[in-house]
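Descriptive structure summary
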Amino acid sequence: MRIDIITVLPDLLESPFNHSILKRAKEKGLLEVNLINLRDFSTSKQKQVDDYQYGGGAGMVMMCEPISNCIEHLKKDRSYDEIIYMTPDGELMNQKMMNTLSLKGNFIILCGHYKGIDERIRQLYITKEISIGDYVLSGGELAAAIFVDAIGRLLPGVLNDETSALFDSFQDDLLSPPVYTRPETFKYLKVPEILLSGHEKKINEWRHEQALERTKTRRPDLLKD
Ligand code: ADE
């Protein structure tokens, strides 16, 4: 999978993909992440990428030309499955969306800033708009990092234990059950007896019950269907 991220703050995204699972995914050649500085596609001397909004009002808007130049430049070399704009008014990101997108190959992610991007870019180029939650970030970069993390770990061969992503919270619309490691007793709290029993079937049943219980109390909305 190849993800090209268009941003005015490439430095902000240098680190998140160079650790742990995503680092391994890159080293194994399963994931390629490229950071593209939008300012490199500005035609003005000052490398301007934003301007005042028509109709007045506070806040700048990201201009059409640099974004259009950048996307056209990228599209010369390859085709993209989706051109994604990270924005609080996009579709709410969830595990199902990530599962579906993880089957695709090439993405552009456009990170917004200021008041957002000129609407015509959305009309002309953007094929998917994604929000990571009902709150407003100061830019799309951290949202893009979350997107890459969530999708990167789903790529076959990225996780050591091939099956482990299948048991994540949300994979079956259930939250994960509680987990424990050594010691058997910490302060006055004991690991549930069943987990020490070695009885795989019973352990799986217990985990499923716990997952259901947790989902009922914490996220009943997930059980609606
Ligand atoms: N940019 C600003 N806020 C955002 C959000 N909640 N999700 C995605 N991109 C954003």
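Look up: the structure comes first, before these words.
Take the pattern of salt bridges next. In this structure the tally under the stated criterion is eleven salt bridges. Asp173 is the partner of Lys96 in a salt bridge, and the nearest nitrogen-oxygen pair spans 3.3 Å. On the criterion of sequence distance, the pair formed by Lys96 in helix 3 (residues 95-101) and Asp173 in the loop between helix 5 (141-152) and strand 8 (185-186) is long-range, its members being 77 residues apart. The exposure class assigned to Asp173 is partly exposed, which follows from its relative accessible area of 26%. Linked through salt bridges whose partners overlap, the residues forming this network are Arg2, Asp4 and Glu32.

Let's shift gears to the environment of Leu31. Looking at the secondary structure, you find Leu31 in the loop between helix 1 (20-27) and strand 2 (32-37). A sequence separation of 137 residues divides Leu31 from Asp168, and the C-alpha atoms of the two residues are 21 Å apart. With near-sequence residues (within four places) excluded, Leu31 lies in contact with Met1, Ile3, Leu22, Ala25, Lys26, Val148, Gly152 and Leu155.

Before going further, it helps to spend a moment on the site of the ligand. Around the ligand, the structure places Met86, Thr87, Pro88, Ile130, Ser131, Ile132, Gly133, Tyr135, Val136, Leu137, Gly139 and Ala143. With respect to the ligand, the backbone of Leu137 contributes an N or O atom lying 3.0 Å from a nitrogen atom. Protein contacts shield 96% of the accessible area of the ligand, which totals 260 Å² for the unbound molecule. Secondary structure elements with two or more residues in the shell around the ligand: strand 5 (82-92) and strand 7 (128-131). A per-class count over the shell around the ligand returns eight nonpolar, four polar and no charged.

Attention now goes to the state of the cysteines. As enumerated under the stated definition, the model contains zero disulfides in all. Of all cysteine sulfurs, the one in Cys70 lies closest to Cys111, which takes part in no disulfide; the gap is 11 Å.

The rules behind these values
- Residues numbered from 1 in each chain as written.
- Predicted model: local features only at pLDDT ≥ 70, side-chain atom pairs only at ≥ 80, totals over all residues.
- Heavy atoms only, no water.
- Salt bridge = Lys/Arg side-chain N within 4 Å of Asp/Glu carboxyl O.
- Helix = DSSP H or I, 4+ residues; strand = E, 2+ residues; numbered from the N terminus.
- Buried < 20%, exposed > 50% of the residue type's maximum accessible area, 1.4 Å probe, protein only.
- Contact = heavy atoms within 4.5 Å.
- Near = heavy atom within 4 Å.
- Polar contact = N/O pair within 3.5 Å; in protein donor to acceptor, adjacent residues only side chain to side chain.
- Areas by Shrake-Rupley, 256 points an atom, 1.4 Å probe, with all protein chains shown as cover.
- Nonpolar A, V, L, I, M, F, W, Y, C, P; charged D, E, K, R; others polar.
- Disulfide = S-S within 2.5 Å.

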